[in-house]
Amino acid sequence: MGLDNCIYFYPPIQCSRCSQLLCFLIELLVSCLAVHCDSCFSLDDQMILPYPEPLIHFALVLGNRSGPSLRCYSPGNIDKELTDAARDFLRSGGLVLDLNGKVASVSKILNWYAGDFGKNEDEALKHASNYLEAEECQAFLELLADTQLKVVYQPYDWGLNY
């Protein structure tokens with residue numbers, strides 16, 4: 001079950017402004033969680049999706065410097081737009097590779113919500129590698145497979161992104 005099912009049950013609002021689309025996306029997520037989940041919170045009150053849809057983490061914008069950029073989403077094209085958001089976020093600093101030093105500097109988002117991206121850190125990183133350039137992805141996966149990669153999570157900057 002994915003976001004497409006939620007969109008089916010919650011028809012799109014016709015609008016032309018980005019802020020209305022963002023509100024729609026947030027409304028959609030809240031509606032889906034209310035319908036498909038008895039308990040969407042873990043013991044430590046972190047949000048847990050009833051089914052993994054990791055790309056949503058690249059769409060939820062808090063307006064801080066370390067988070068994803070604000071962008072528009074449309075119900076008919078949501079899968080492509082979420083994929084684009086993940087790709088853009090990870091390629092523009094969310095996952096930085098130093099191949100010579102064998103170090104990956106990774107956004108805290110992949111650490112905090114690792115369970116939505118895979119069963120463990122390796123799976124979450126493999127998932128993120130799908131959004132890198134092909135050559136960088138290959139080198140990253142080779143280092144990860146050889147356990148030669150040191151993973152460092154970037155400090156999260158909560159400052160306003162204005």
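See the structure shown above.
To keep things clear, this report deals only with the structure shown in the data block.

The rules we used
Residues numbered from 1 in each chain as written. Predicted model: local features only at pLDDT ≥ 70, side-chain atom pairs only at ≥ 80, totals over all residues. Heavy atoms only, no water. Axes fitted to C-alpha atoms, helices over the stretch in contact; angles between N-to-C directions. Helix = DSSP H or I, 4+ residues; strand = E, 2+ residues; numbered from the N terminus. Parallel < 35°, antiparallel > 145°, perpendicular 65-115°, else oblique. Left-handed = near helix turned anticlockwise from the far one by under 90°. Contact = heavy atoms within 4.5 Å. Salt bridge = Lys/Arg side-chain N within 4 Å of Asp/Glu carboxyl O. Buried < 20%, exposed > 50% of the residue type's maximum accessible area, 1.4 Å probe, protein only. Phe/Tyr/Trp six-rings, centres within 6.5 Å; stacked < 30°, edge-to-face > 60°. Polar contact = N/O pair within 3.5 Å; in protein donor to acceptor, adjacent residues only side chain to side chain. Pairing = 2+ DSSP bridges. Expected span 1.5 Å × (residues − 1).

## Side note on the packing of helix α6 (residues 121-129) against helix α7 (residues 134-145)
Okay, so step 1: Closest axis-to-axis distance for the α6/α7 pair is 10 Å, and the angle between their directions is 165°. Judged by the angle between their axes, α6 and α7 are roughly antiparallel. Relative to α7, α6 is oriented so that their crossing is left-handed. On α7, the residues that touch D122, L125, K126 and S129 of α6 are C137, F140, L141 and L144.

## Considering the pattern of salt bridges
Okay, so step 1: A complete count under the given rule lists six salt bridges for this structure.
Okay, so step 2: Close ionic contact of R71 with D88 constitutes a salt bridge, the shortest N to O distance being 2.6 Å. With R71 in the loop between α2 (18-36) and α3 (78-94) and D88 in helix α3, the pair connects residues that are 17 residues apart, well separated along the chain.
Okay, so step 3: Taking relative accessible area as the criterion, R71 reaches 23% and is therefore assigned partly exposed.
Okay, so step 4: The closest approach of N and O atoms between D84 and R87, which form a salt bridge, is 3.0 Å. In this pair, D84 and R87 are both assigned in helix α3, three residues apart and thus about one turn of the helix distant.

## As for the packing of aromatic side chains
Okay, so step 1: Taken as a whole and judged by the stated rule, the model has five aromatic pairs.
Okay, so step 2: Residues F58 and F89 carry aromatic rings whose centres are separated by 5.5 Å and whose planes lie at 45° to one another, so their mutual orientation is tilted. With a gap of 31 residues between them, F58 in the loop between α2 and α3 and F89 in helix α3 connect regions that are remote in the sequence.
Okay, so step 3: The exposure class assigned to F89 is buried, which follows from its relative accessible area of 10%.
Okay, so step 4: In textbook terms, an aromatic cluster arises when at least three aromatic residues are bridged by ring pairs, as seen for F58, F89 and F117.

## Looking at α6
The α-helix advances 3.6 residues per turn, and as a result positions three or four apart in sequence lie on the same side.
Okay, so step 1: All buried positions along α6 are accounted for by A124, L125, H127, A128 and S129.
Okay, so step 2: N-cap assignment for α6: the residue whose side-chain oxygen lies 3.1 Å from the backbone N of D122 is N120.

## Details of the sheet that holds strand β2 (residues 103-106)
Okay, so step 1: The strand order across the open sheet built from three strands is β1-β2-β3, with neighbouring strands paired in mixed fashion. At either margin of the open sheet sits one strand with a lone partner, and together these are β1 (95-98) and β3 (150-153). The sheet shows a mean angle of 20° between the axes of neighbouring strands, direction not considered.
Okay, so step 2: Sheet analysis places β1 next to β2, joined by four bridges and oriented antiparallel. For L95, the partnering residue across the bridge sits in β2 and is V106.
Okay, so step 3: Relative to β1, α3 is tilted by about 45°, and along the sheet it contacts β1 and β2.

## Considering α3
Okay, so step 1: Compared with the 24 Å implied by 1.5 Å per residue over 17 residues, the 21 Å span of α3 between its first and last C-alpha is markedly short.
Okay, so step 2: Three or more residues of α3 are buried, namely I78, E81, L82, D84, A85, A86, F89, L90 and G94.

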